[in-house]
Amino acid sequence: MLQRFKNWDVRISKSYPKIWILGVHIYLPILTIMALTFYAFGWAYNITNMPPMREVNDYGYGLLQFAILPMLLAGIMYFIRQIKFNSLRVHHHLPYKNPYLSFITFVIVFFIITATPFIAGVGMHHKFSKQIDERQFIEDLSILNKGYSHFYQKEFTGVVYAASVSMVSDSDLEVVQSPEGKQTIVETYRLDKATGNLILYREIAHREVDGNYIGDTSLQCYARYGWDTISVAQAHQEMHDFIDAAPRYYGEIKDKDVQKIFMQHLLHVAKYRDTEDYNSPDFNQIGDRNRFESTLGTYSAVITKDDVFIGSSLGFWLYYIIFSLSVSTILFIVCSVRIIDFGWSMLVVALTGMFVMIANGLLTVFRWLPSNTEIQFNLILITVLVVIFMLLIGAKWLKSSISKAFTIALQLLLPATVFAYFGLFDNLHDCPYRGENWAEQCKDFEYFTNTDYYLMAYGICVLASLFGVYVFNRIYIRQYVHPKQQ
Amino acid sequence: MTEIFKVENLKKKFNRSGFQLSVDQLSLLAGSITGVVGENGNGKTTLLDIIAGETKANGQFHYFGIEANSHTNWLELKNNIGFIPQRIPRWYGTLEQNLVIKAALEGISAGNIDGELDKLLDFLGLQEYRKLNWTEISTGYRLRFELARILIGNPRLLVLDEPLANLDINTQQKFLSDLKKLLAKKDYPLAVILSSQQLHEIESVADQMLFIKKGEVLYNGNLANIALDEEHVYELQLNDREGHDTEAYFDSMGYKVCIVGPYYQITTKQSVSIFLKTLSDNDMEIKYFRNLSNSTKRFFNN
């Protein structure tokens, strides 16, 4: 077996030497097998009885942690292999003549390596997705959200001291002031006798989906707390609907007589609403409420690709690829330059960061500049630093190892510099107005403050990395291949 | 013969040490071996570094008939220059693996690689070591494997810096005879320039010698032209002669004598045969003798 592998390795080296040097023929199969193994581990998770999200996370994050060691091992071994066979210090050196072949291969290899810990979550997600009826869940969600407050009300009083009044008043809750200056927030469930309507404080959407769209984004189903007023008949209907839908999520109701439950709830509220007792009991008619809530949590996490399932989200990978890009850039540089020069460049990077921080610190402490000009100062500072770096790179009077260190440092800092420009420009355009007419007064200021802006900034950073490969590769050739000024 | 490399008015100054290398004209011809000799720190390595394109210098450089300037594609140009520095970088993996990769990168088809390698390794006597690693072979074999690796790329200019250092006398001779055979064997123009302290060995194969002293070229030409007028220079060591003043004897014979370590360096107009007969007639037992008349070694003591 080993001999057959060796023969195959030799055949690859003869027919595809660049592939051999890049180690793709060994690492891609190994990494693929590793990723598939973790996918299989994720897929193997038993979900016959829909497990609560806590258990799902335990299993998924356990695998994620387990995958970190092979990930580090694979990454380090690949790094070493490239330094042994594909760097300036040895003969078979591809980066100068085939920069993009090398760089893109590095990105692919490191992407798979860094993705491996999340692959188990992808396997789990695929299995859960098959088990879960997403359309049914979305239909049930509105029923469950509305009905839930009739069957469960948690300990519903709390004490807030007078100092926190402003916070409480913002929350649109009923506030009762006691003679001692304490204020009690009352979450309530009461019947308006004048109109015969039920007034209740409830979540408009279930809290497990807090902040996320569920499934079809057109539903725009946000979690939100607030007051709701409905007729008693409507309340009964909501309860009937809930009793039908909840068992699908392990939400069995103990007693299905809705009128009785409704009355019990009113009596429960009447008994405890004016008390300052922190430990008033929950009102609960759901058999295993924890199981019910955790099952809903699992459903929403699967649908929103949250928690351990985050590996199934395209948006996550869009940003996560920055890791493989960064490591690939470092490896590309290490392969293109002398290790000693790379070491000096690390010093330049560290000192540059320190310089920027010290300059900002001094500015803050001594107030040398008018307030609100820090952003302009940093823009100028970064621009000046970039210009200095470029001058030092091209300086013929400078010792070549120093200009090499600045060249490498500039390539390392390039994406961060681009992103810093975007961030500073964004901050520069922050609207200074605050208050009621904020939206109107600020409409001409906030061109940059949106997700697309940062997505564009991120995209430009990625392009800067790729462009950096082209530009710096030519500089390295000039510095290391052309005759050197000694 | 094709001119592989040519430089005119080469000047290289090191500002900190003040050392300056200066070569008016140097030309390396296809099929020739050029030896660079001189004392340590006189500019041999600098000259070879400059020729190999490792160090920048002023002057008019021509590689393979094309002038090298700021627009030169050195990445391509260096494909045709095989440079072996004094310290050879370590190889990773088996020696054969490295040679296979080099051959494949040079465009030799997969089916022909084994045949080409066999021919090369047979020629350099490396066949039995091909499966070993770098750390498992001696310095001499490392040098020959490095030469093999470079030769796979069919360079047109070989620049070897002190290749004989650290080699035993047999390996030195084997390496030099390999070089000579290589030049005869290659069916494309190839020039070799090498530096060494082993004058005798180098001169036995070199077509052209370059003697550098303190950065200046004192001699540049073939060995036959070294002899000055009718003066001969001999280097010898005699067995101990109790009660005889050898130096006084040489003076009495009208020889110019110079003592270099354990040797006498004699300058005379006598031919080798007459000189040796004279010594023999005076019962002098010769322990070591060498004719330096056509050797660059005679410049070392000037």
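This text goes with the structure placed above it.
Let us look at the structure shown here. The numbering scheme is per chain: residues are counted from 1 as the chain's sequence reads. Chains and ligands are labelled sequentially in the order written, the chains with letters from A and the ligands with numbers from 1. Per-residue local features of the predicted model are confined to residues with pLDDT of at least 70, and side-chain atom pairs are confined, for both listing and counting, to 80 or more; whole-chain, interface and lining totals are unaffected and use all residues.

### A few points about the overall build of chain A
Stated precisely, the cut-off is as follows: For helices the rule is a DSSP run of H or I covering at least 4 residues; for strands it is a run of E covering at least 2, with both sets numbered from the N terminus onward. Here a residue counts as buried when 20 or more other C-beta atoms fall within 10 Å of its C-beta, as exposed when 12 or fewer do, and as partly exposed in between; the C-beta atoms come from the backbone. We call two residues in contact when the distance between their C-beta atoms, placed using the backbone, is within 7 Å.
Scanning chain A from terminus to terminus reveals 16 helices and 8 strands. Expressed as a percentage of its 486 residues, the buried residues of chain A come to 31%. Within chain A, contacts between residues separated by at least 24 positions form 76% of all contacts whose residues are at least 6 apart in sequence.

### Focus on the environment of Asp192(A)
All names here are of chain A. One can find aspartate 192 in strand β5 (residues 189–192). Classification of aspartate 192 as exposed rests on a count of 11 C-beta atoms within 10 Å. Residues aspartate 192 and threonine 229, 37 residues apart in the sequence, show an inter-C-alpha distance of 9.1 Å.

### Looking at the sheet that holds strand β11 (residues 232–238) of chain B
Residue and element names in this part refer to chain B. This is how it is decided: We treat two strands as partners when DSSP finds at least two bridges between them. Orientation is described by lines fitted to C-alpha atoms, with helices fitted over the stretch in contact, and by angles between N-to-C directions that extend from 0 to 180 degrees.
Across the sheet, which stays open at both edges, the 4 strands sit in the order β12-β13-β11-β14 with antiparallel pairing between neighbours. Looking along the sheet, the strands with just one partner apiece sit at the ends: β12 (256–260) and β14 (286–291). Taking each pair of neighbouring strands and ignoring which way they run, the sheet shows an average axis angle of 25 degrees. Pairing analysis gives 5 bridges linking β11 to strand β13 (residues 263–268), with the strands arranged antiparallel. Looking at β13, one finds that valine 233 is bridged to threonine 267.

### Digging into the interface of chain B and chain A
Note the cut-off: Under this grouping Gly is polar, as are all residues other than the nonpolar Ala, Val, Leu, Ile, Met, Phe, Trp, Tyr, Cys and Pro and the charged Asp, Glu, Lys and Arg.
With 20 residues of chain B at the interface, the matching set in chain A holds 22 residues. Mapped onto the side of chain B that touches chain A, the elements with two or more residues apiece are α2 (74–77), α3 (95–105) and α4 (110–124) of chain B. When residues in the side of chain B that touches chain A are grouped by element, the largest group, 7 residues, is from α3(B). Looking at the side of chain B that touches chain A residue by residue, the class counts come to 11 nonpolar, 4 polar and 5 charged.

### Things to note about the pairing of strand β2 (residues 20–29) of chain B
Consecutive side chains along a regular strand alternate between the two faces of the sheet. All names here are of chain B. Where strand β1 (residues 3–13) meets β2, 9 bridges bridge the pair, whose relative direction is antiparallel. Of the residues in β2, the one forming a bridge with valine 7 is leucine 26. Joining the antiparallel neighbours β1 and β2 is a turn of 6 residues, in which glycine 18 adopts a positive phi near 80 degrees.

### Overview of helix α6 (residues 134–151) of chain A
For the α-helix, the turn length of 3.6 residues means that residues three or four positions removed from each other point alike. Residues and elements named next belong to chain A. Put simply, the rule is: A helix's residues, less one, multiplied by 1.5 Å, set its expected span. A residue's bend is given by the angle between axes fitted to the 7 residues ending at it and the 7 residues starting at it.
Taking 1.5 Å as the rise per residue, α6 with 18 residues should run 26 Å; its terminal C-alpha atoms sit 24 Å apart, in good agreement. Along its length, α6 reaches its greatest deviation from straightness, about 30 degrees, at aspartate 140. Of the residues making up α6, those classed as buried are Phe137, Asp140, Leu141, Leu144, Asn145, Lys146, Gly147, Tyr148, Ser149, His150 and Phe151.

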